[in-house]
Amino acid sequence: MLEFMTILIVKTLVAFVVALLIVAYSTWIERKVLGHVQLRHGPRRVGFHGLLQPIADGVKGFFKEELIPDNADKPLFVLAPIISIGASVTLVVLVPFGDTVTIMGREITLYLTDLDVGILLILGISTIGSYGGILGGWASGNKYGVIGGMRGAAQMISYELSLALAVIAVVMVSGSLSLVDIVNSQTGLWNIVKQPFAFVLFIICGLAELNRTPFDMPEAEAELACGFNVEYSSMKFALFFMAEYCHMFVFAALVTTLFLGGWHGPIVDGPHWFFLKTFFMIFFCVWERSTFPRLRYDQVMSFGWKILLPFGLLNILLTGLWMLIFNI
Amino acid sequence: MGDKEYVLNISDRRPEGKFITPILKGLAYTLKNFFSKPITIKYPTERREVSDRWRGLHRLKVDDQGKLNCVACGLCAKICPPQAITIVPYEDAGGTRYPKEFVIDELRCIFCGFCQEACPKDAIELTKVYDFVDYQREDFIFDIEKLKNPEKYIFAGK
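Here the structure is a predicted model, which is why all the values come from computation and not from measurement. (Residues numbered from 1 in each chain as written. Chains lettered and ligands numbered in written order. Predicted model: local features only at pLDDT ≥ 70, side-chain atom pairs only at ≥ 80, totals over all residues.)

Enquirer: Could you give me a rundown of the overall build of chain B, with the residues and numbers involved?
Expert: Scanning chain B from terminus to terminus reveals five helices and five strands. Counting the 158 residues in chain B, one finds 13% classified as buried. By sequence separation, contacts in chain B at least 24 residues apart represent 68% of the contacts at least 6 residues apart. (Helix = DSSP H or I, 4+ residues; strand = E, 2+ residues; numbered from the N terminus. Buried ≥ 20, exposed ≤ 12 C-beta atoms within 10 Å, placed from the backbone. Contact = placed C-beta atoms within 7 Å.)

Following this line, the structure appears as structure tokens:
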């Protein structure tokens, strides 16, 4: 029992440190890649090629003054970033980093839990995270914040559906809701080959869930002056930011798990493949951000309901037919 | 040139049915940019080469013996539009004139270069030093010693 507890605590600590490091360095990747896409250099003054920049930003965040506006609903205002970061960091628990390894004669699994309903839990908790943005916008007592929060809520509801439809297609092919089983079912052939449409659907809806650029309605800088986090400063703002990047990491990890074969890969299977694919997906998130302009709000809504939702339903139907005909 | 070229054709801007190719084209363009060399320079360590006619901080020229060329005629101070130059002349026993004090307030100076053009003895010139920074207003008031060697004040990044 003691041994089990020790292993669990150590694993939790390692997983969270790794996840938070990836979160911190996602900001560095974002700034660096955006810089190079725009033919600039990006950060390069703090440390070697700006590698210490996330730490400097963190220190700055801690030492800045915290402001709570007079109009704000104070308890909710304080609670909102906590919900945001709490929900998105909790998701790390369910990410399968790798298969079982043997260290000092003990079999250790490279994931914290393997729930039978892992993917459902991920969808559920990531939706709770969006409450952070909505409540934050509402509690700021600022019109931009409210509009940003409302837009975030509407967008979340619209795209969560199509996201779940994409996941259902994968679950049908893999025959399990557990993330580890889904990865193991892709040993020979990755799901991206079996389910290319679900892959595209998942990426589009995932970007909408992340509030990333083609769909960054809640924080549209140009029209809403940063939306739901407009009144936040110092570490509260940093928490929103960390939640966003943690969400991005989980999204990248989910794409890897559901479609790109998780820790499977050529030559040697292992967590290195997982991290390689995850970092590629994080890079993709930044890459597409640098490419696409923001959609208009009505375009986002009609795209979600009129194109993606029927597309997702059709994909499930075709998958079902395919499985029926080939008797899989 | 017909009228047609001036008409903004909406179907050109948003081609119906062409949805995926433009997206992929855009992604390819940004990826190409990502792998090409940045056009910005790493400023404090690298610096942009400025024109030979650049008008930066002033220098008081000295001759071979290390004495100022300036004879304190006061033409530069006279022509200076923002009146940034203050000269106190001095004449020694042999009748040689030189400036006892030569002060330029670099915060007032507009770097027009008139002083250089007005000078009959080619004693003052504008150098290429363009990034002098300091903490105090007093530090921008340059006396003879500072004016002899403006390159010392190039911003080094700290």
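Enquirer: Pulling in residues and values, what's your account of helix α4 (residues 118-139) of chain A?
Expert: A rise of 1.5 Å per residue sets the reference length of α4 of chain A, with its 22 residues, at 32 Å; its end C-alpha atoms lie 32 Å apart and thus fit the reference within 8%. Looking one or two places after α4 of chain A, you find G141 of chain A, whose phi comes out positive at around 65°. (Expected span 1.5 Å × (residues − 1).)

Enquirer: Account for the sheet that holds strand β5 (residues 141-142) of chain B, naming residues and giving values.
Expert: Within a sheet, each strand pairs with its neighbour through backbone hydrogen bonds, oriented either parallel or antiparallel. Residue and element names in this part refer to chain B. One open sheet holds the three strands; their spatial order is β2-β3-β5, and the pairing between them is antiparallel. For this open sheet the edge positions go to β2 (85-91) and β5, each flanked by a neighbour on one side alone. Of the pairings in the sheet, the one linking strand β3 (residues 97-105) to β5 comprises two bridges and is antiparallel in character. Bridge pairing in β5 links D105 to I141. (Pairing = 2+ DSSP bridges.)

Enquirer: Go over the interface of chain B and chain A, please, and point to the residues and values.
Expert: Tallying the contact residues gives 11 residues for chain B and 12 residues for chain A. Its residues placed into classes, the side of chain B that touches chain A shows five nonpolar, five polar and one charged. (Nonpolar A, V, L, I, M, F, W, Y, C, P; charged D, E, K, R; others polar.)

Enquirer: Can you tell me about the packing of helix α3 (residues 74-90) of chain A against helix α10 (residues 234-258) of chain A, naming the residues and giving the values?
Expert: All names here are of chain A. The interhelical angle for the contact between α3 and α10, taken along N-to-C directions, is 25°, at an axis separation of 8 Å. The pairing of α3 with α10 is recorded here as roughly parallel in orientation. Our pair here, α3 against α10, has a crossing hand that is left-handed. The residues of α10 that touch α3, namely those facing P81, S84, I85, S88 and V89, are K236, L239, F240, M242, A243, C246, H247 and V250. Class assignment of the residues belonging to the contact of α3 with α10 gives a composition of nine nonpolar, three polar and one charged. (Axes fitted to C-alpha atoms, helices over the stretch in contact; angles between N-to-C directions. Parallel < 35°, antiparallel > 145°, perpendicular 65-115°, else oblique. Left-handed = near helix turned anticlockwise from the far one by under 90°.)

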